[in-house]
Amino acid sequence: MILTVTPNPSLDRTYEVPSLDRGEVIRATGERMDPGGKGVNVSRAVAAAGRRTVAVLPLGGAPGALVADLLDAQGIEVAPVPVEGATRSNIALAEADGVLTKINAPGPELSAAEQELLLNTVHRQSRDADWIACCGSLPRGLAPAWYADVVARVHAGGARIALDTSGPALLAALRERPDVVKPNAEELSEAVGRPLFTVGDAVKAAEELREMGARAVLASLGADGQLLVDSAGAWFGSARVDAVRSNVGAGDSSLAGFLIAGGSGPEALASAVAHGAAAVQLPGSVMPTPRDLDPAAVTVTSDVPADRVLKEPAS
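Just so you know, these numbers come straight off a predicted model, no measurement behind them.

A.B. asks: For the overall build of the chain, give the residues involved together with the corresponding values.
C.D. replies: Across its full length, the chain carries nine helices and 16 strands. For 315 residues, the compact-globule estimate of 2.2 N^0.38 gives 20 Å, and the C-alpha radius of gyration of the chain, at 18 Å, lies within 12% of that figure. Considering only C-alpha atoms, the chain reaches an extent of 50 × 50 × 35 Å along its principal axes. Burial status across the chain gives 54% buried among its 315 residues. Here the contacts in the chain between residues at least 6 apart in sequence split such that 67% fall between residues at least 24 apart. Per element, the accessible surface of the chain, about 13,300 Å² overall, is 49% carbon and sulfur. Averaging the coordinates of the 27 positive side-chain charges in the chain and doing the same for the 38 negative ones gives two points 2 Å apart.

Right, dumping it as structure tokens:
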């Protein structure tokens, strides 16, 4: 079972539009409403793969109730933490050329009692988990060290934890040695305090995160592919993508694929790349099922192309 923790979930509305013209009336060509948040998306991808997952998340108000209903409809077990504030609602505008514009609301502020209830719920639910994935931004009220506290408690219980967050929350958690951290290129650049122009730059940055405490780093490099750096070495994975439709939740799908495949080594990286590549070819934040995957399109190698210039440099 894969347990996910989403401290700041959302109700996500995605509209497909021909183009985004400021000040004009835009007619959507498609729309979706999904439960959102990075951990929620990981649970959705795990469930789409036919695996058991439990989602821990604070929920409040009508949007929170709708998030719970949508998750239940997708076969995801929900361990809700009731909060007084309403769960946030986010909007994504996906243009025909693949450009995505997102409007993310701040979300409710959690009280001290709600924060402690969230921690206790994670601890209680983690007893049967093979992996715990803590993902996304922290809501108002939670200090940057909150994830570090979660990692420490999870390790004390003997479980493995994957962390997908950024900024001070990521840096604070590294001292507790999370088993896997999953930054994208921008988050990796921010963590080491310098730009990344090549794949080699990303490898060096990932190695620095390991020196800071991460046991393994799974880094998403956008259209360039993904990196896995751990105690055994470094691997680079990429996949052929025929057409990008939406990259909403693609990184979360990658993390799910990585954990489903065991959470370590080149085989898990190949699964991560396959899930991410499948996700970007689906509308909105739809998560891929096994029939959407194309393992033959994936290449994983230990011969990392260090000199390759990133198509999307991070600064």
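Back to the text.
A.B. asks: Break down the pattern of salt bridges for me, citing the residues and quoting the values.
C.D. replies: Under the defined criterion, the tally for this structure stands at 13 salt bridges. Ionic pairing is found between Arg32 and Asp34, a salt bridge with its closest N-O pair at 2.8 Å. Asp34 gets classed as buried once you look at its relative accessible area, which sits at 2%. Put simply, Asp34 and Arg44 hold a salt bridge, and the shortest N to O gap is 3.5 Å. Here Asp34 is found in strand β3 (residues 30-36), whereas its partner Arg44 is found in helix α1 (residues 38-48), with 10 residues between them in sequence. For the residue pair Asp34 and Arg44, the accessibility class agrees, reading buried in each case. Connected through salt bridges with shared partners, the residues Arg32, Asp34 and Arg44 form a single ionic network.

A.B. asks: Run through the sheet that holds strand β6 (residues 88-95), naming residues and quoting values.
C.D. replies: Across the sheet, which stays open at both edges, the four strands sit in the order β3-β2-β6-β7 with mixed pairing between neighbours. Looking along the sheet, the strands with just one partner apiece sit at the ends: β3 and β7 (100-103). On average, adjacent strands in this sheet sit at an angle of 20° to one another, irrespective of strand direction. Pairing of strand β2 (residues 10-17) with β6 involves eight bridges; the strand directions are parallel. For Asp12, the partnering residue across the bridge sits in β6 and is Asn90. Taken strand by strand, helix α2 (residues 61-73) contacts β2, β3 and β6, and its axis lies near 95° from that of β3.

A.B. asks: How would you sum up the packing of helix α3 (residues 112-125) against helix α4 (residues 146-156)? Please name residues and give values.
C.D. replies: Between α3 and α4, the shortest axis-to-axis distance is 10 Å and the interhelical angle comes to 30°. For the element pair α3 / α4, the angle class is roughly parallel. For the element pair α3 and α4, the recorded crossing hand is right-handed. Residues Gln115, Glu116, Leu118, Leu119, Asn120 and Val122 of α3 pack against Trp146, Asp149, Val150 and Arg153 of α4. Here the residues of the contact of α3 with α4 sort into five nonpolar, two polar and three charged.

A.B. asks: Hey, could you go over the UniProt feature "domain: Carbohydrate kinase PfkB" (unreviewed entry) in the chain for me, with residue numbers and the actual values?
C.D. replies: What UniProt calls "domain: Carbohydrate kinase PfkB" (unreviewed entry) maps, in this numbering, to residues 16-289. The distance separating the terminal C-alpha atoms of residues 16-289 is 21 Å; by composition the span is 38% helix and 24% strand.

Rules used in this analysis
Residues numbered from 1 in each chain as written. Predicted model: local features only at pLDDT ≥ 70, side-chain atom pairs only at ≥ 80, totals over all residues. Heavy atoms only, no water. Helix = DSSP H or I, 4+ residues; strand = E, 2+ residues; numbered from the N terminus. Rg over C-alpha atoms; globule rule 2.2 N^0.38 Å. Buried < 20%, exposed > 50% of the residue type's maximum accessible area, 1.4 Å probe, protein only. Contact = heavy atoms within 4.5 Å. Areas by Shrake-Rupley, 256 points an atom, 1.4 Å probe, with all protein chains shown as cover. Lys, Arg positive; Asp, Glu negative; His and termini not counted. Charge placed at Lys NZ, Arg CZ, Asp CG, Glu CD. Salt bridge = Lys/Arg side-chain N within 4 Å of Asp/Glu carboxyl O. Pairing = 2+ DSSP bridges. Axes fitted to C-alpha atoms, helices over the stretch in contact; angles between N-to-C directions. Parallel < 35°, antiparallel > 145°, perpendicular 65-115°, else oblique. Left-handed = near helix turned anticlockwise from the far one by under 90°. Nonpolar A, V, L, I, M, F, W, Y, C, P; charged D, E, K, R; others polar. UniProt positions renumbered as here; feature names shortened; annotations may be inferred.

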